[in-house]
Amino acid sequence: MKNAEISRLFQEMADMLEFLGDNPFRIRAYRQAARVLADLETPIEDLARQGPNTLEGIPGIGPDLAAKIQEYLQSGKIAAHEELARKVPAGVLEVMRIPGVGPKTAQLLWSRLGVDSLAKLRAALESKRVLELPRFGEKKRLRLLENLALAQSATQRRPLGSVLWRVRELLAAIRGLPQVEQAECCGSVRRYKETVGDLDFLVATRQGEQVLARFTQLPGIADVEAVGENRATVFLEDGLQVDLKIVPPESWGSGLQYLTGSKAHSIRLRKLALEQGLKLNEYGVWKGEKRIAGRDEESVYAALGLPFIPPPLREDWGEIEAAQAGRLPKLVELKDIRGDLQVHSTWSDGKNTLLELAQAAKALGYAYLAVTDHSQSLRIAHGVRVQQMKQRIREIREINERTGAKPYLLAGAEVEILEDGSLDYPDEVLKELEIVLVAIHSHFGQDEKTETRRILKALENPYVHILSHPTCRLIGQRKGIEADWQKVFSRAKSLGKAVEIDGHYDRLDLPDVRARQAGEMGVMISLGSDAHQIDHLRFMDLAVGTAQRAWLGPLQILNTKSLEELLGWLEGVRES
DNA sequence: GCCGTTTTCGGCCCGACTGTTTTCAGTCG
């Protein structure tokens, strides 16, 4: 799939055109096309095969860019990209990525001081030669030096789950400030996007300046980048950027909408407003000078003739059209979840005993919990040996008796899919288990055909219920395996089996786009926290958020079923 | 460069903050 490659080339072309001072709307067109390509679920080469009209049918792709995509697919390059690369020194693009350096500054630094790398930028800043440039003073010099250091340490987007505890802490601190009427964390966190670039907090208050002054003093804040009347930008000790935006209480809803984004979604809304003779900004929906909505988010959408669109859908992935047509999905919510279908105990690599897990699950109000310890060949995780299995199942039953099966522990396993697609337990063991997950933890490097065959073989074992963390990607660390997902999902569908969204913070696997594809094909989706200790059970929240981003409703999710329904489903899989 | 039940040409989302200015350019979200 070449979508990401072409998207990156268009992005670079936009950067280079910007550096050269080209038409800003042309630049925007390249960025828009880059975004659309990156979000596309279908391989662009499949669409290209259906003829030129199909490519031009993609919003944001016109005749020119369609031709460039074809050119890349045929020749592996885009002549216009190479043409631009000849005019723009390679290192200039990374200089432009330093916060505070835009195209104009980069152009100035390059043409006057020959800056075409981060090393030369540092030298120019440290030697103070930059002060010769127009609109360049000492403050700006120091700020850029600081940003350069920060950029080189921590500007990567991080997994959502790795910042959530920080979000809760900060939100509590902000809500605790005097004069704060309402506060929320917005941005990609509120949309449950799998990675987070920065944190965006919104506060409703009439005393913005006082709130901002206190906010910048909160513990853990290492550096204050900017503070005005209405917003502040700070950095935490680990380099994470945090923005806080102030709106008056009557603008709380429009402020939420604005700060939650996504940018693409907001731009669509603003255009929609203009078409209706209205204006949308963070302070409200306006008819001339008069604010006609903004107190809450529902009113903002209503003023534009739309039902409320839940934040996880706000990506311009068709949610606005669906809203206009009255076809927004009813999304699964955390409160619909009756149990967790992937957890690990001390029988393998988990930190808590079966009993502790049962008690923690009870506190969450779960009706059931599938204990899915690793199978024997996963030595690193102390996989359960065949000869231990009888004893383990006996202990699970004992605990069910002790607790009155509240919650009911299902005897399960996360069974290794071996290199050739065979499973790590013999069928005699599998059939003793009430729920069988299968997963890949090794031999990731196989080609797409081999990997697909491997997964299908595992799925076809009659005792298997669920394909766990299917792509095996680790966010920011491992790309994941190549497989023909269309084939995998279609086989899962015909076998009546489920695929999982693993909510563990570094997995979120299936990813949103793939989960949406599976859901559209009618495959049952199972949610698991993949908890290895009791406080990881809350990763279910991330699994649900990802399911929402995949447009999934409660009926498509296996663990919204009651215990009886679930047991019936599990048996049904084996009978068919 | 894209797009169009107002348009095939003339538009293209909107506002805040900083630093260096003396009214605003550049950058960012």
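Computed from a predicted model, the values in this text were never measured in an experiment. (Residues numbered from 1 in each chain as written. Chains lettered and ligands numbered in written order. Predicted model: local features only at pLDDT ≥ 70, side-chain atom pairs only at ≥ 80, totals over all residues. Heavy atoms only, no water.)

(A) A look at the protein's contact with DNA strand B. What surrounds DNA strand B is a group of 49 residues, the closest being Arg28, Thr105, Arg135, Gly137 and Asn230. A share of 73% of the atoms of DNA strand B within 4 Å of the protein falls on sugar and phosphate groups. Separating a base oxygen of DNA strand B from a side-chain N or O atom of Arg270 is a distance of 2.7 Å. Those elements that provide at least two residues to the surface near DNA strand B are α2 (24–39), α5 (63–75), α8 (103–113), α10 (138–153), β5 (221–227), β7 (241–247), α15 (263–275) and β8 (279–281). Here the surface near DNA strand B is composed, by residue class, of 19 nonpolar, eleven polar and 19 charged. (Near = heavy atom within 4 Å. Polar contact = N/O pair within 3.5 Å; in protein donor to acceptor, adjacent residues only side chain to side chain. Helix = DSSP H or I, 4+ residues; strand = E, 2+ residues; numbered from the N terminus. Nonpolar A, V, L, I, M, F, W, Y, C, P; charged D, E, K, R; others polar.)

(B) Inspection of the packing of helix α18 (residues 354–363) against helix α19 (residues 386–403) at higher detail. Running from amino to carboxyl end, α18 crosses α19 at an angle of 40 degrees, the nearest separation of the two axes being 10 Å. Classified by the interaxial angle, the pair formed by α18 and α19 is oblique. For the crossing formed where α18 meets α19, the hand is right-handed. Between α18 and α19, the contacting residues are Leu354, Leu355 and Ala358 on the first element and Glu395, Ile396, Ile399, Arg402 and Thr403 on the second. Of the residues contributing to the contact of α18 with α19, the split by class is five nonpolar, one polar and two charged. (Axes fitted to C-alpha atoms, helices over the stretch in contact; angles between N-to-C directions. Parallel < 35°, antiparallel > 145°, perpendicular 65-115°, else oblique. Left-handed = near helix turned anticlockwise from the far one by under 90°. Contact = heavy atoms within 4.5 Å.)

(C) Focus on the domain arrangement of chain A. Domain boundaries assigned for chain A yield domain 1 (2–155), domain 2 (158–247), domain 3 (251–325) and domain 4 (334–575). Domain 1 and domain 3 are separated by 30 Å when their C-alpha centres are compared. (Domains from an automatic or database assignment.)

(D) Up close: the packing of helix α1 (residues 3–19) against α5. Look at α1 against α5: their axes get within 11 Å of each other, and the N-to-C directions meet at 125 degrees. Between α1 and α5, the crossing angle belongs to the class labelled oblique. Of the two elements, α1 crosses α5, and the hand of that crossing is right-handed. In contact with Glu5, Ile6, Leu9, Phe10 and Met13 of α1, α5 contributes Leu65, Lys68, Ile69, Tyr72 and Leu73. When grouped by side-chain class, the residues that make up the contact of α1 with α5 number eight nonpolar, no polar and two charged.

(E) The arrangement of unusual backbone geometry in detail. Here the amide bond leading from Gly261 into Ser262 is cis, since omega sits at -5 degrees, within 30 degrees of zero. Omega for the bond connecting Asp509 with Leu510 falls within 30 degrees of zero, at 10 degrees, which places this linkage in the cis form. Even without being glycine, Ala405 reaches a positive phi, approximately 60 degrees. Summarising the element assignment, Ala405 is placed in the loop between α19 and β13 (408–416). Its identity is not glycine, yet Asp530 carries a phi of approximately 55 degrees, on the positive side. With respect to the secondary-structure elements, Asp530 resides in the loop between β17 (524–528) and α24 (540–549). Accessibility expressed as a relative area gives 4% for Asp530, which makes it buried. (Buried < 20%, exposed > 50% of the residue type's maximum accessible area, 1.4 Å probe, protein only.)

(F) Looking closely at the environment of Val513. In this structure, Val513 sits in helix α23 (residues 512–520). Counting along the chain gives 507 residues from Val513 to Ile6, while the straight-line C-alpha distance between them is 18 Å. Apart from the residues within four sequence positions on either side, Val513 is in contact with Asp39, Glu41 and Trp317.

(G) Representation of the sheet that holds strand β9 (residues 284–287) in the model. With antiparallel pairing, three strands are arranged side by side in an open sheet as β8-β9-β10. Strands with a single pairing partner mark the edges of an open sheet, and in this sheet they are β8 and β10 (290–293). Strand-to-strand twist in this sheet, taken as the mean axis angle between neighbours without regard to direction, amounts to 40 degrees. Across three bridges, β9 lies against β10 in antiparallel orientation. Its bridge partner lying in β10, Val285 is registered against Ala293. (Pairing = 2+ DSSP bridges.)

(H) Seen up close, the side chain of Asn147. Within the secondary structure layout, Asn147 lies in helix α10. A distance of 3.0 Å separates a polar side-chain atom of Asn147 from the backbone oxygen of Pro99. Apart from the residues lying within four places of it in its own chain, the contact partners of Asn147 are Ile98, Pro99 and Glu225.

(I) Main features of helix α22 (residues 485–495). Residues of α22 that are buried include every one of Trp485, Val488, Phe489 and Ala492, and no others. Projected down its long axis, α22 shows its buried positions confined to an angular sector of 95 degrees, all on one face. Packing partners of the buried residues in α22 comprise α21 (448–460), β15 (466–467), β16 (498–502) and α23. (Arc of directions from axis to C-beta.)

(J) Structural view of the UniProt feature "domain: Helix-hairpin-helix DNA-binding motif class" (unreviewed entry) in chain A. Within the UniProt annotation, "domain: Helix-hairpin-helix DNA-binding motif class" (unreviewed entry) is assigned to residues 53–72, 93–112 and 128–147. Counted over residues 53–72, helix gives 70% and strand 0%. Its end C-alpha atoms are 17 Å apart. The span residues 93–112 is 70% helical and 0% strand by assignment, and the distance between its end C-alpha atoms comes to 17 Å. (UniProt positions renumbered as here; feature names shortened; annotations may be inferred.)

(K) Structural context of the packing of aromatic side chains. Scanning the model with the defined rule gives five aromatic pairs in all. Across from the ring centre of Trp551, 4.1 Å away, lies the NZ or CZ of Arg516, which sits over that ring. (Phe/Tyr/Trp six-rings, centres within 6.5 Å; stacked < 30°, edge-to-face > 60°. Lys NZ or Arg CZ within 6 Å of the ring centre and 35° of its normal.)

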